[in-house]
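Listed below are the residues making up each chain.
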Amino acid sequence: MSEPIKTDVLIIGAGPCGLFAVFELGLLDMKAHLVDILDKIGGQCAELYPEKPIYDIPGIPFVTGDGLTKALLEQIKPFGPTFHLQDMVTTIEKIGDPLFRVATEQGKVFETKVVVVAAGGGSFQPKRPPIPGVEAYEEKSVFYAVRQMEKFRGKRVLIVGGGDSALDWTLNLAPIASHLTLLHRRQDFRAAPDSVNKMMALVAEGKIDFVLGQVTELQGKDGQVACAIVRRNDNSVFNIACDAILPFFGLTMKLGPVANWGLSLKDDLIEVETASFETSVPGIFAIGDINTYPGKLKLILCGFHEGALMAQKAHRYVYPDKKLTFQYTTSSTSLQKKLGVA
Amino acid sequence: MPKIIFIDSGNTSRTVDAEVGSTVMENAIRNSIPGIEAECGGACACATCHVYVDEAWLEKTGGPSPMEEDMLDFGFDVRPNSRLSCQIKVTEELDGLVVRTPERQA
Ligand SMILES: Cc1cc2nc3c(=O)[nH]c(=O)nc-3n(C[C@H](O)[C@H](O)[C@H](O)COP(=O)(O)OP(=O)(O)OC[C@H]3O[C@@H](n4cnc5c(N)ncnc54)[C@H](O)[C@@H]3O)c2cc1C
Ligand code: FES
């Protein structure tokens, strides 16, 4: 096991609510690390609607998902949060009073006094194609992510999709696979034009195949695919023999490991009390879209409010002997020092 | 008010009243139509509101916009009559529209 990373607070989820929590915690001298499964910061704002407008952030008549993320990052900069992206928190274990050991899929371990679950609609995970029986092949010969390229050396690889992930992995795996086929439903791609051009060049050189169609069925044994049955757009059917299939159909939100942390849930949401947004486990808080309480609204502004109240209670766990005095950022020199403006 | 008829993968049909100007997806969600998830709330960013427009209605609904066509790449079993239901606006002309929902979106 790797050396644990020690922190005051571990925030699970770098969506808008996780980000603003860094600010409220920072004002009260608590340091935070954030873990997010996405490869970028901003949660739904970054993944689902970076260019769409938001009109109901108090005091900001108009901002895009991307704009809000950037502004929040600027706002929390003085507090130097550490981000761990492309990693998923899998387990939380109580090891003290309160002290938690939190582990991630990539093998990172944190020791933290407080956990803030800001997991939104759950973790973004790859969409699984509704091909009958696909489950039996998953993680054996059907993969939704590439963790080790070497795994595909000398294999006949079938990549399915037309977005950036499909194209990037086509380019990366072409020299490693013994044979690579890219399967997509149409001639056009939503991926970066540069990647598309590079892919087309490989096709022209005869290094890879590009085929039009959609997978309807898999054949194989004991989790090992032998071939994919593919339907062309004119409904004719043919086979592609392959050892591994990588379908890339974007992401979907799934509750994921949140369900296994021993927190009281209601309709797949974490129940909290509304004085501090603490969960059924003292020291673990839940803010933003992931929590539920009477009157809850899934709005960013509500998540911001929840973060502010959470920080007050979190302070008691991190600094049990210190008393909090209420201060304004406008007039408190001590707060302004923390913000680097005094 | 225009009516929309949703037929699910098991061939059960459900008819709902739809306000002019709303989207087909919004009516599906409001009426808890199975097979429509609409995770992104209509932002044309998730493709979990994928439907098949009945052939007889294709001319009236028209085809997908380029942005929608791009997003359909993230849908499964996409066919020539595939649309994202959040991108179909209800009009008086669409009274009686028939759309089929897939077995599962993701
Ligand atoms: C199209 C659309 C438009 C919207 N418009 C508005 C609007 O106008 N105004 C408004 O107030 N709200 C709007 N919302 C809602 C708003 O985006 C959400 O309320 C907000 O994103 C919630 O923030 P969050 O930080 O709680 O969670 P999210 O933004 O969902 O972020 C949660 C993050 O946690 C990560 N995560 C989850 N589990 C784990 C785990 N186990 N390990 C690691 N990471 C994990 C996820 O990958 C995700 O990145 C809109 C939403 C959508 C989809
Ligand atoms: S609701 Fe997400 S694309 Fe239609």
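Residues numbered from 1 in each chain as written. Chains lettered and ligands numbered in written order. Predicted model: local features only at pLDDT ≥ 70, side-chain atom pairs only at ≥ 80, totals over all residues. Heavy atoms only, no water.

## Some remarks on the overall build of chain B
Here is the rule we go by: Working definition: helices are DSSP H or I runs of at least four residues, strands are E runs of at least two. Numbering for both runs from the N terminus. Between the two quantities, the radius of gyration covers C-alpha atoms and the globule rule is 2.2 Å times the number of residues to the power 0.38. Per-residue accessibility, obtained with a 1.4 Å probe over protein chains only, is compared with the maximum for each type, and a residue is labelled buried under 20%, exposed over 50%, and partly exposed between these values. Only heavy atoms enter the contact rule, under which two residues are in contact if any of them lie within 4.5 Å. Accessible surface area values rest on a Shrake-Rupley calculation with a 1.4 Å probe, where residue burial reflects the displayed protein chains alone. We score Asp and Glu as negative and Lys and Arg as positive, and we do not count His or the chain ends. To locate a charge, the coordinates of NZ of Lys, CZ of Arg, CG of Asp or CD of Glu are taken.
Tallying secondary structure elements over chain B gives three helices and five strands in all. Here the C-alpha atoms of chain B give a radius of gyration of 12 Å, agreeing with the 13 Å that 2.2 N^0.38 yields for 106 residues. By principal-axis analysis of the C-alpha atoms, chain B measures approximately 30 × 25 × 25 Å. Within chain B, the proportion of its 106 residues that are buried is 52%. Restricting to contacts in chain B with at least 6 residues of sequence separation, those with at least 24 account for 64%. Here chain B has roughly 4,700 Å² of accessible surface; of this, 47% comes from carbon and sulfur atoms. Taking the average location of the 9 positive side-chain charges in chain B and that of its 18 negative ones, the two points are 4 Å from each other.

## Side note on the layout of surface pockets
Residues and elements named next belong to chain A. The following threshold applies: A cavity, in this analysis, means grid points on a 1 Å lattice covering only the protein atoms where a 1.4 Å probe fits yet has no way out; a pocket is instead an open set bounded by protein on both sides within 12 Å along at least five of seven lines, and a residue lines either one if it has an atom within 4 Å of a point. Grid points are joined across faces, edges and corners, and a volume is the space filled by probe spheres set on the points. Under the convention adopted here, Pro, Cys and the residues Ala, Val, Leu, Ile, Met, Phe, Trp and Tyr are nonpolar, Asp, Glu, Lys and Arg are charged, and Gly plus all remaining residues are polar.
Quantified by volume, the second largest pocket comes out at close to 760 Å³. Of all the elements in the fold, those that place two or more residues in the lining of the second largest pocket are α1 (16-27), β2 (32-36), α2 (43-47), β3 (53-54), β9 (123-126) and α6 (300-318). Considering only residue class, the lining of the second largest pocket consists of 30 nonpolar, 12 polar and seven charged.

## Some details on the site of ligand 1
The following threshold applies: One heavy atom within 4 Å of a molecule or strand is enough for the residue carrying it to be called near that molecule or strand. Here a polar contact is taken to be a pair of N or O atoms separated by no more than 3.5 Å, where protein atoms must pair a possible hydrogen donor with a possible acceptor and residues adjacent in sequence count only if both atoms sit in side chains. For this analysis, a molecule is said to be in a pocket or cavity if more than half of its atoms are within 2 Å of the grid points defining it.
What surrounds ligand 1 is a group of 34 residues, the closest being Asp-36, Tyr-49, Asp-56 and Asp-289 of chain A together with Cys-40 of chain B. Ligand 1 is flanked by residues contributed from chains A and B. Residue Pro-16 of chain A places a main-chain N or O atom 3.4 Å away from an oxygen atom belonging to ligand 1. Gln-44 of chain A places a polar side-chain atom, nitrogen or oxygen, 2.8 Å from an oxygen atom of ligand 1. Here ligand 1 occupies the second largest pocket. Taken together, the elements giving at least two residues each to the shell around ligand 1 come down to α1, β2, α2 and β9 of chain A. A total of three residues in the shell around ligand 1 trace back to one element, the largest contributor, which is α1 of chain A.

## Description of the side chain of Arg-186 of chain A
Tracing the sequence through the fold places Arg-186 of chain A in the loop between β11 (179-184) and α5 (193-204). Arg-186 of chain A sits in the buried class, given a relative accessible area of 11%. Only 2.9 Å separates the side chain of Arg-186 of chain A from the side chain of Asp-73 of chain B, close enough to count as a polar contact. Discounting residues that sit within four places of it in the chain, Arg-186 of chain A has contacts with Phe-210 and Leu-212 of chain A together with Glu-69, Asp-70 and Asp-73 of chain B.

## Things to note about the nonpolar core
A general feature of soluble globular proteins is that nonpolar side chains tend to end up buried together. Threshold: Nonpolar core, defined: a set of buried Ala, Val, Leu, Ile, Met, Phe, Trp, Tyr and Cys residues in which side-chain atoms within 4.5 Å join the residues together.
Counting 61 residues, the largest nonpolar core has Ile-11, Leu-25, Ile-92 and Val-117 of chain A as the members making the most contacts within it. Counting residues in each nonpolar core, the second largest holds 29 residues, with Ile-4, Val-24, Ile-36 and Val-99 of chain B among its members.

## Quick word on the packing of α1 of chain A against α6 of chain A
All names here are of chain A. To keep it simple, the criterion reads: Simply put, an axis is a line fit to the C-alpha atoms, just over the touching stretch for a helix, and the angle between two N-to-C directions goes from 0 to 180 degrees. Throughout, a crossing is termed right-handed when the near helix is turned clockwise from the far one, and left-handed when it is turned anticlockwise from it by less than a right angle.
Axis separation between α1 and α6 bottoms out at 8 Å; the angle between their running directions is 40 degrees. Of the two elements, α1 crosses α6, and the hand of that crossing is right-handed. Residues Pro-16, Cys-17, Phe-20, Ala-21, Glu-24 and Leu-25 of α1 touch α6, and the partners they reach there are Ile-300, Gly-303, Phe-304, Gly-307, Ala-308, Met-310, Ala-311 and Ala-314. In terms of residue class, the contact of α1 with α6 is made up of 11 nonpolar, two polar and one charged.

## Let's talk about the interface of chain A and chain B
Note: interface size is frequently given as the accessible area lost on complex formation between the parts. Convention followed: Note: buried area is the sum, over both parts, of the accessible area (probe 1.4 Å) each one loses when the two are combined. A pairing counts as a salt bridge when a side-chain nitrogen of Lys or Arg comes within 4 Å of a carboxyl oxygen of Asp or Glu.
Contacts between chain A and chain B engage 23 residues on the former and 21 residues on the latter. For the pair chain A and chain B, the summed buried surface comes to about 2,000 Å²; carbon and sulfur atoms form 48% of the total. Summed over the three residues of chain A that lose the most area to chain B, namely Lys-127, Arg-185 and Arg-190 of chain A, the buried surface amounts to 29% of that side. Scanning the region where chain A abuts chain B turns up five salt bridges. When the shortest N-O distance is used, the salt bridge between Asp-73 of chain B and Arg-186 of chain A registers 2.9 Å. Linking chain A with chain B are 14 residue pairs in polar contact (both at pLDDT 80 or more), by the criterion used here. If one sorts the elements of the side of chain A that touches chain B by residue count, strand β17 (residues 251-254) of chain A sits on top with three residues.

## A word on the side chain of Asp-8 of chain A
Residues and elements named next belong to chain A. When you line up the elements, Asp-8 lands in strand β1 (residues 5-12). When its relative accessible area of 13% is taken as the criterion, Asp-8 is described as buried. Apart from the residues lying within four places of it in its own chain, the contact partners of Asp-8 are Asp-29, Met-30, Lys-31, Thr-112, Lys-113, Val-114, Val-318 and Tyr-319.

## Quick word on the pattern of salt bridges
Taken as a whole and assessed by the stated rule, the structure comprises 27 salt bridges over all chains. For Arg-156 of chain A, the salt bridge goes to Asp-243 of chain A, with nearest N and O atoms at 2.8 Å. Residue Arg-156 of chain A is located in strand β10 (residues 156-160), and its partner Asp-243 of chain A is located in the loop between β15 (237-241) and β16 (244-247); the two are separated by 87 residues in the primary sequence. Through salt bridges with shared partners, a single ionic network connects Arg-185 and Arg-186 of chain A together with Glu-69, Asp-70 and Asp-73 of chain B.

## A closer look at the state of the cysteines
For clarity, the cut-off: Defined by distance alone, a disulfide is two cysteine sulfur atoms within 2.5 Å.
Tallied over the entire structure, the rule returns zero disulfides over all chains. Summary of cysteine pairing: Cys-227 of chain A is not part of a disulfide, and the nearest cysteine sulfur, belonging to Cys-242 of chain A, is at 7.0 Å.

## Overview of the sheet that holds β11 of chain A
All names here are of chain A. The cut-off we apply is this: Two strands pair if DSSP finds at least two bridges between them.
Spatially, β12-β11-β10-β16 is the arrangement adopted by the four strands of the open sheet, whose pairing is parallel. Single-partner strands in this sheet number two, and they are β12 (209-212) and β16. In this sheet, adjacent strand axes meet at a mean angle of 20 degrees when their direction is disregarded. Note that β10 and β16 share four bridges and pair parallel. Within β16, the residue paired with Val-157 across the bridge is Ala-244.

Keep in mind these numbers describe shape, not what the thing actually does.
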